[in-house]
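# Fold and geometry: a report
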Amino acid sequence: MKNVAVLGAGQMGSGIGEVFAENGYRVKMYDLSEEIFEKSRNRIYDSLKKLEGKCLIDRKAEVIQAQISYHADISELAGADIFVESAFENFGIKTNLLYKLADFLTPSSLVASNTSSYSITSLSRLLPWPEKFIGFHFMNPPPIMDLIEVIKGLYTSEQTFDFFWELAKDLKKIPIASRNSPGFVLNRILIPMINEAIYALYERVSTPEQIDAAMKLGANHPMGPLALADLIGLDTVLSILKTLQKELGENKYAPCPMLEDYVRKGWLGKKSKKGFYEY
Ligand code: CAA
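These numbers were taken from a predicted model, which means no experiment stands behind them.

Evaluation of the coordinates by the stated rule reveals 11 aromatic pairs. A ring pair is formed by phenylalanine 20 and tyrosine 25, whose centres lie 5.2 Å apart and whose planes are at 85°; its orientation type is edge-to-face. With a relative accessible area of 0%, phenylalanine 20 lands in the buried category. Note on tyrosine 25: relative accessible area 7%, which makes it buried. Geometrically, the ring pair formed by phenylalanine 37 and tyrosine 70 is tilted, given 5.1 Å between the ring centres and 45° between the ring planes. With phenylalanine 37 in helix 2 (residues 34-53) and tyrosine 70 in strand 3 (residues 68-71), this residue pair connects regions lying 33 residues apart in the sequence. Overall, phenylalanine 37 belongs to the buried group, its relative accessible area being 4%. Overall, tyrosine 70 belongs to the buried group, its relative accessible area being 16%.

What follows is the structure, encoded as structure tokens:
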């Protein structure tokens, strides 16, 4: 059984750890506190139980969950074959974490970041073997979304790319390749669409329910853009927009003032029980 370390046990990290465990990997999850671990355990258990109920996993939820352990000491991740960084979408937090991780890597360690928008080349510079570093971007919620974006940085080797391309398939996902461009493919398109929906609300074009209904019923999206923003997290949506605006130098990516205002108030979507909707 291969060993994977996932750095960050939040919404995305938990889902990523779950996907690896479902597919037979032993997973070490790293984060800061028992409170975060408890939330992660519950989130993964609920998800596995749903999948078990639909016969979408080949072992019992408890058996899969037993492959996942939790660690608040980063040195305990040493020895993993694959490391996946999935911390909050903040450049300082991610770089700090990778910098700390560097001490526990060996020349054979493969390292990926689940960043939604930051440069893979910039992140790879913090590591002793940048050719072993790649962008491996899961979608939310990871256990049920099919796509993984695989992103080569300037220093990523062909062997590393090939390894992660096959790994995505081993996890029963469908990989697509993206150039190391801000937001890659998915967020370059999706996040400006969500920002536009927020502008429509800000300019009182319609209500949240009707804006979402328009995209569900008129464009066959599985959920409306405002509900999706709440699911992703409004702080994450804001952070991605700021990266797109800064890195691509275009004001068309400027975040709607309403989004900035909601994040300032701590209305972050589902995770804070209030965003465009209440939970
Ligand atoms: N684990 C297991 N099963 C889950 C689950 C999870 N985490 N979340 C939902 N499900 C299951 C539900 O149990 C439900 O099953 P049944 O139909 O058997 O009841 C099924 O999935 C559908 O869920 P819901 O009924 O709760 O709601 P839904 O029909 O709206 O589906 C959804 C939920 C799958 C999330 C769907 O709305 C969807 O696909 N939405 C779009 C998600 C999307 O666009 N994700 C990408 C976001 S962008 C991103 O992630 C990149 C980034 O960097 C920001």
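The extent of an interface is frequently quoted as the accessible surface area lost upon association of the parts. Assigned domains within the protein chain: domain 1 (3-178) and domain 2 (188-272). Domain 1 and domain 2 are separated by 26 Å when their C-alpha centres are compared. Taken together, the 8 residues of domain 1 in the interface contact 8 residues of domain 2. Along the contact surface separating domain 1 from domain 2 lie 0 salt bridges.

Going through the model one piece at a time under the given rule, you end up with 16 salt bridges. One salt bridge in this structure joins glutamate 52 and lysine 49, with 3.4 Å as the shortest N-O distance. Linking glutamate 52 with lysine 49, this pair stays in helix 2, spanning 3 residues, or about one helical turn. Here glutamate 278 and lysine 274 are joined by a salt bridge, their closest N and O atoms 3.8 Å apart. The exposure class assigned to glutamate 278 is exposed, which follows from its relative accessible area of 62%. According to the relative accessible area criterion, lysine 274 is partly exposed, its value standing at 22%.

Moving on, we come to the packing of helix 9 (residues 225-232) against helix 10 (residues 234-248). Describing two packed helices takes the angle between their axes plus the distance from one axis to the other. Following both chains from N to C, one finds helix 9 and helix 10 inclined at 100°, their axes separated by 6 Å at the closest point. For the element pair helix 9 / helix 10, the angle class is roughly perpendicular. Between helix 9 and helix 10, the contacting residues are Ala229, Asp230 and Ile232 on the first element and Leu234, Thr236 and Val237 on the second. Each residue belonging to the contact of helix 9 with helix 10 can be placed in one class, and the counts come to 4 nonpolar, 1 polar and 1 charged.

Moving on: helix 6 (residues 158-170). End to end, helix 6 covers 18 Å across 13 residues, agreeing with the expected 18 Å (1.5 Å per residue, within 8%). Residues of helix 6 that are buried: Thr160, Phe161, Phe164, Leu167 and Ala168. The buried residues of helix 6 occupy an angular sector of 125° when projected down its axis, which confines them to one face. Of the residues flanking the end of helix 6, it is lysine 172, one or two places downstream, whose phi is positive at about 65°.

The next thing to look at is the pairing of strand 4 (residues 82-85). Side chains Ile82 and Val84 project from strand 4 onto one buried face, and the interleaved Phe83 and Glu85 project onto a second face that is buried too. By the bridge criterion, 4 bridges tie strand 1 (residues 3-7) to strand 4 in an arrangement that is parallel. Opposite leucine 7, over in strand 4, you have glutamate 85 as the bridge partner. The sheet contact formed by strand 4 and strand 5 (residues 110-113) spans 4 bridges and is parallel. Pairing of phenylalanine 83 across the sheet is with valine 111, part of strand 5.

Quick look at the nonpolar core now. Among soluble globular proteins, nonpolar side chains are generally buried collectively. Grouped together as the largest cluster of nonpolar side chains are 34 residues, with contacts concentrated most on Phe20, Phe136, Phe138, Phe164, Leu167 and Leu171. Considering each element in turn, this core owes the most residues, 5 residues, to helix 1 (residues 11-22). Counting 27 residues, the second largest nonpolar core, distinct from the first, contains Ala197, Leu201, Leu226 and Tyr253.

Here we come to the sheet that holds strand 6 (residues 133-138). With mixed pairing, 8 strands are arranged side by side in an open sheet as 3-2-1-4-5-6-7-8. Strands with a single pairing partner mark the edges of an open sheet, and in this sheet they are strand 3 and strand 8 (174-178). On average, adjacent strands in this sheet sit at an angle of 25° to one another, irrespective of strand direction. Across 4 bridges, strand 6 lies against strand 7 (residues 147-151) in antiparallel orientation.

About the criteria used
- Residues numbered from 1 in each chain as written.
- Predicted model: local features only at pLDDT ≥ 70, side-chain atom pairs only at ≥ 80, totals over all residues.
- Heavy atoms only, no water.
- Phe/Tyr/Trp six-rings, centres within 6.5 Å; stacked < 30°, edge-to-face > 60°.
- Buried < 20%, exposed > 50% of the residue type's maximum accessible area, 1.4 Å probe, protein only.
- Helix = DSSP H or I, 4+ residues; strand = E, 2+ residues; numbered from the N terminus.
- Domains from an automatic or database assignment.
- Contact = heavy atoms within 4.5 Å.
- Salt bridge = Lys/Arg side-chain N within 4 Å of Asp/Glu carboxyl O.
- Axes fitted to C-alpha atoms, helices over the stretch in contact; angles between N-to-C directions.
- Parallel < 35°, antiparallel > 145°, perpendicular 65-115°, else oblique.
- Nonpolar A, V, L, I, M, F, W, Y, C, P; charged D, E, K, R; others polar.
- Expected span 1.5 Å × (residues − 1).
- Arc of directions from axis to C-beta.
- Pairing = 2+ DSSP bridges.
- Core = buried A, V, L, I, M, F, W, Y, C linked by side-chain atoms within 4.5 Å.

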